[in-house]
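# Observations on chain architecture
Take a look at the letters that make up each chain.
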Amino acid sequence: MQRYLTHPTKRPGSPVNREPRFSLPSRALLNLFSPGGARSRLSILIYHRVLPQSDPLFPAECDAQRFDAEMGWLKACFSVIPLSDAVRGLRKGKLPPRAACVTFDDGYADNAEVALPILQKYGIPVTVFVAANFLDGGRMWNDTVIELIRGAPGDSLDLAGIDFGKFEIGTIPQRRHAISRLLNKLKYLSMESRQAMVDAMSAIIPVVPSRALMMTSGQVRTLHNAGMEIGGHTVNHPILARMEKDAAYAEIGNGKEILEGIIRAPVRLFAYPNGKPGRDYLADHVEMVKNLGFDAAVSTAGGAATTGSDLYQLPRFTPWDRGQVRFTLRMVQNMLRTVERV
Ligand SMILES: [Zn+2]
């Protein structure tokens with residue numbers, strides 16, 4: 001039923017109308033909180049992956065069917081605009097009513113393979129923040145851990161030899177729990193120690209993870225040529241707050257340069273890796289992003305942006321509810337949140 005309401009065009013013989021039945025009351029509600037102009041609120045959504053089908057190991061991860069529904073709701077109730085236009089709008093106090101932007105982080109191949117056709121169907125522009133070093137066969141450390149545990153043979157896994165202890169992995173929930181524990185142990189180690197631990201795990205677990213999780217350079221160009229914005233997300237996706245200043249500056253600047261070489265166009269938007277103000281990035285990094293010539297940057301602090309927002313720390317969030325009414329209410333709730341910054 002939800003699907004039917006979202007996609008009335010799929011009903012044989014019905015007139016062409018992409019707008020779900022709830023769009024008018026939803027728009028009226030949203031207009032109260034985001035009326036356009038100087039009093040408007042900008043909602044910036046953040047996505048990572050859009051899987052072709054639901055993943056039994058991570059059923060909450062966004063898949064094609066859910067993404068299609070969410071883009072339908074968004075298109076029906078919001079003015080979805082490119083992030084660079086929204087930044088100009090914030091600067092001039094001239095946002096459209098119910099302004100929203102869609103962004104992706106990291107540079108997963110499914111953004112080009114699965115999300116792009118859905119975005120084109122609805123005419124939704126997005127910004128894709130790409131960590132440059134993982135293009136063309138690379139893989140982020142967290143995905144290596146996930147794929148190792150997903151494919152590990154047997155019902156238990158002994159990582160005591162590298163001080164990680166033993167894990168029961170006989171069932172899907174046990175594997176999910178093992179992944180979560182390992183990711184938490186590794187997340188805030190230095191890049192070098194983390195890679196050493198992941199390499200040690202790879203040597204113990206007889207699994208060869210896929211090299212096709214992230215985009216190729218060609219896919220980055222495909223997105224760019226389709227009118228999607230490409231944004232910087234560093235080279236190696238480090239936690240900037242845990243690095244020396246020079247190394248952080250190089251991560252941000254080199255990531256921009258690599259992407260500009262691929263798309264042969266300026267990269268003007270940036271997303272801080274992990275993105276929590278004061279924990280993952282600090283005031284120094286905001287200055288670096290300004291000095292490197294970016295026009296704006298996004299964090300992962302929740303809330304909506306307004307004309308008074310810091311353009312170099314724009315908030316983003318992910319509505320997680322299933323169903324259009326709950327999705328819209330979550331967007332409203334997010335608009336009323338106070339925005340954190342460093
Ligand atoms: Zn990221």
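This is a predicted model, so every value here is computed, not measured.

It is worth spelling out the overall build of the protein at this point. From N to C terminus, the protein includes 12 helices and 9 strands. In terms of overall dimensions, the protein is globule-like: its C-alpha atoms have a radius of gyration of 21 Å, near the 20 Å expected for 342 residues. Taken over the C-alpha atoms alone, the protein extends approximately 60 × 50 × 35 Å along its principal axes. Long-range pairs, those at least 24 residues apart, make up 72% of the contacts in the protein between residues at least 6 apart in sequence.

This part covers the confidence of the model for the protein. Within the protein, residue pLDDT values average 91, and 93% of them lie at 70 or more. Below pLDDT 50 for its whole length, residues 1-19 participates in 18 contacts with residues either more than four positions away or in separate chains.

At their nearest, the axes of helix H5 (residues 109-122) and helix H9 (residues 217-225) sit 9 Å apart, and the two run at 45° to each other. Overall, the two elements H5 and H9 adopt an arrangement that is oblique. Crossing of H5 over H9 shows left-handed handedness. Here H5 contributes Ala-109, Asn-111, Ala-112 and Leu-116 to the contact with H9, which in turn contributes Gln-219, Thr-222 and Leu-223. Residue composition of the contact of H5 with H9, by class: 4 nonpolar, 3 polar and no charged.

We now examine the pairing of strand E5 (residues 156-159). Pairing geometry for E5 and strand E6 (residues 165-168), over 4 bridges, is antiparallel. Bridging from a neighbouring strand, Leu-157 pairs with Phe-167 of E6. What sits between E5 and E6 in their antiparallel hairpin is a turn of 5 residues, with Asp-163 showing a positive phi close to 65°.

The first and last C-alpha atoms of helix H10 (residues 245-263) sit 28 Å apart over 19 residues, in line with the 27 Å expected at 1.5 Å per residue. Within H10 the residues assigned to the buried category are Ala-248, Glu-251, Ile-252, Gly-255, Lys-256, Leu-259 and Ile-262. Looking straight down H10, one finds its buried side chains confined to an arc of 135°; they lie on one side. The exposed residues of H10 that point more than 90 degrees off its buried face are Lys-245, Asp-246 and Gly-261. Buried residues along H10 sit in contact with strand E4 (126-130), H9, strand E7 (229-232), strand E8 (269-271) and helix H11 (283-291). One or two positions beyond H10, positive phi appears at Arg-264, with a value near 50°.

With that settled, consider the domain arrangement of the protein. Structurally, the protein comprises domain 1 (27-136 + 214-335) and domain 2 (141-204). Each of domain 1 and domain 2 was reduced to a C-alpha centroid, and the two centroids are 29 Å apart. The interface is formed by 6 residues belonging to domain 1 together with 7 residues belonging to domain 2. Its residues assigned to classes, the side of domain 1 that touches domain 2 shows 4 nonpolar, 1 polar and 1 charged.

Quick look at the environment of Met-201 now. Among the structural elements, Met-201 can be located in helix H8 (residues 191-204). Taking the C-alpha atoms as reference points, Met-201 and Phe-164, 37 residues apart in sequence, are found 9.5 Å from one another. When sequence neighbours within four positions are dropped, the list of residues in contact with Met-201 reads Val-145, Leu-148, Leu-159 and Ile-162.

Attention now moves to the pairing of E7. Sheet faces and side chains relate simply in a regular strand, where the side chains alternate between the two faces. Burial of E7 is two-sided: the residues Glu-229 and Gly-231 facing one way and the residues Ile-230 and Gly-232 facing the other way are all buried. Bridge analysis of E4 against E7 gives 4 bridges, and the strand direction is parallel. Residue pairing for E7: Val-130 is matched across the bridge by Gly-232.

Another aspect to go through is the packing of helix H3 (residues 64-77) against helix H12 (residues 324-335). Two numbers describe how H3 lies on H12: the axes approach to 10 Å, and their chain directions differ by 60°. If you check the angle between H3 and H12, you find them oblique. Remark: the crossing between H3 and H12 carries right-handed chirality. Residue-level contacts link Glu-70, Trp-73 and Cys-77 of H3 to Gln-324, Phe-327 and Thr-328 of H12. Partitioned by chemical class, the residues of the contact of H3 with H12 number 3 nonpolar, 2 polar and 1 charged.

Where helix H6 (residues 141-151) is concerned, the buried positions are Trp-141, Val-145, Ile-146, Leu-148 and Ile-149. Projected down its long axis, H6 shows its buried positions confined to an angular sector of 165°, all on one face. Tucked into the core, H6 has its buried residues touching helix H7 (172-186) and H8.

The next subject is the nonpolar core. In terms of nonpolar packing, the biggest core is built from 77 residues, with Leu-42, Ile-44, Ala-86, Val-128, Val-130, Val-289 and Ala-297 touching the most fellow members. Per-element accounting of this core gives the leading share, 7 residues, to H3. If sequence neighbours within four positions are ignored, Leu-42 has contacts with Ala-86, Leu-90, Leu-95, Ala-99, Cys-101, Ala-304 and Ala-305.

Reading guide: rules and limits
- Residues numbered from 1 in each chain as written.
- Predicted model: local features only at pLDDT ≥ 70, side-chain atom pairs only at ≥ 80, totals over all residues.
- Helix = DSSP H or I, 4+ residues; strand = E, 2+ residues; numbered from the N terminus.
- Rg over C-alpha atoms; globule rule 2.2 N^0.38 Å.
- Contact = placed C-beta atoms within 7 Å.
- pLDDT = per-residue confidence, 0-100.
- Axes fitted to C-alpha atoms, helices over the stretch in contact; angles between N-to-C directions.
- Parallel < 35°, antiparallel > 145°, perpendicular 65-115°, else oblique.
- Left-handed = near helix turned anticlockwise from the far one by under 90°.
- Nonpolar A, V, L, I, M, F, W, Y, C, P; charged D, E, K, R; others polar.
- Pairing = 2+ DSSP bridges.
- Expected span 1.5 Å × (residues − 1).
- Buried ≥ 20, exposed ≤ 12 C-beta atoms within 10 Å, placed from the backbone.
- Arc of directions from axis to C-beta.
- Domains from an automatic or database assignment.
- Core = buried A, V, L, I, M, F, W, Y, C linked by C-beta atoms within 7 Å.

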